[in-house]
Amino acid sequence: MKKRKIPERKCVVTNEMKPKKELIRVVRNKDGEVFVDPTGKKNGRGAYLTKDLDVIIEAEKSNVLNRHLNTEVDSSVYLELKKMVKSNER
């Protein structure tokens, strides 16, 4: 039986290739709205972050999402990311 290929993506902070399920996708759509995409399937420009609180804090400090998504990322997006990671840790 053929083994299925697991899709991998690169975390924009750590530059590590990881399976898509271990990452959180942040999307900028055509209207310029930035939001967290838990499904990983919404249309728009995406950037991936590892599901780790330290990585999200580092992304917020370095404004790496601003560069990858070519727009200003609101602090509410980072708050939502932190909530998602904290709920996954339990």
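The residue numbers shown here count from 1 along each chain, following its written sequence. Only residues with pLDDT of at least 70 get local features here, since the model is predicted, and only at 80 or more are side-chain atom pairs given and counted; chain-wide, interface and lining totals rely on the full set of residues. To obtain the side-chain values, all non-hydrogen atoms of the structure were included, while hydrogens and water were left out.

Caption draft 1: Spotlight on helix H1 (residues 53–62). Buried within H1 we find Val55, Ile56 and Ala59. Looking straight down H1, one finds that the buried residues subtend no more than 100° of arc, so they occupy a single side. Among the exposed residues of H1, those oriented more than 90 degrees off its buried face are Asp54 and Lys61. Among the structural elements, strand E5 (45–50), helix H2 (64–69) and helix H3 (75–89) are those in contact with the buried residues of H1. Looking one or two residues past H1, Asn63 carries a phi angle of roughly 55°, positive in sign. For each residue, the accessible area found with a 1.4 Å probe, counting protein chains only, is set against the maximum for its type, and the residue is called buried under 20%, exposed over 50%, and partly exposed in between. Under the scheme used here, helices are H or I runs from DSSP no shorter than 4 residues and strands are E runs no shorter than 2 residues, and both carry numbers assigned from the N terminus. The arc under discussion is defined with respect to the helix axis, by the directions toward the C-beta atoms. We call two residues contacting when some pair of their heavy atoms lies within 4.5 Å.

Caption draft 2: View of the pattern of salt bridges. The working definition used for a salt bridge is a side-chain nitrogen of Lys or Arg within 4 Å of a carboxyl oxygen of Asp or Glu. For the structure on display, the rule yields three salt bridges. Note that Asp37 is salt-bridged to Arg25, the shortest N-O span being 3.0 Å. Of this pair, Asp37 sits in strand E4 (residues 34–37) while Arg25 sits in strand E3 (residues 23–28), placing them 12 residues apart in sequence. Accessibility expressed as a relative area gives 2% for Asp37, which makes it buried.

Caption draft 3: Seen up close, the pairing of E3. Summarising burial for E3: five of the six residues are buried, a large majority. In terms of strand pairing, E3 meets E5 through six bridges, oriented antiparallel. Opposite Ile24, over in E5, you have Leu49 as the bridge partner. The criterion for strand pairing is that DSSP finds at least two bridges linking the strands in question. Direction of pairing for E3 relative to E4: antiparallel, over a ladder of four bridges.

Any link to function would need more than the numbers given here.
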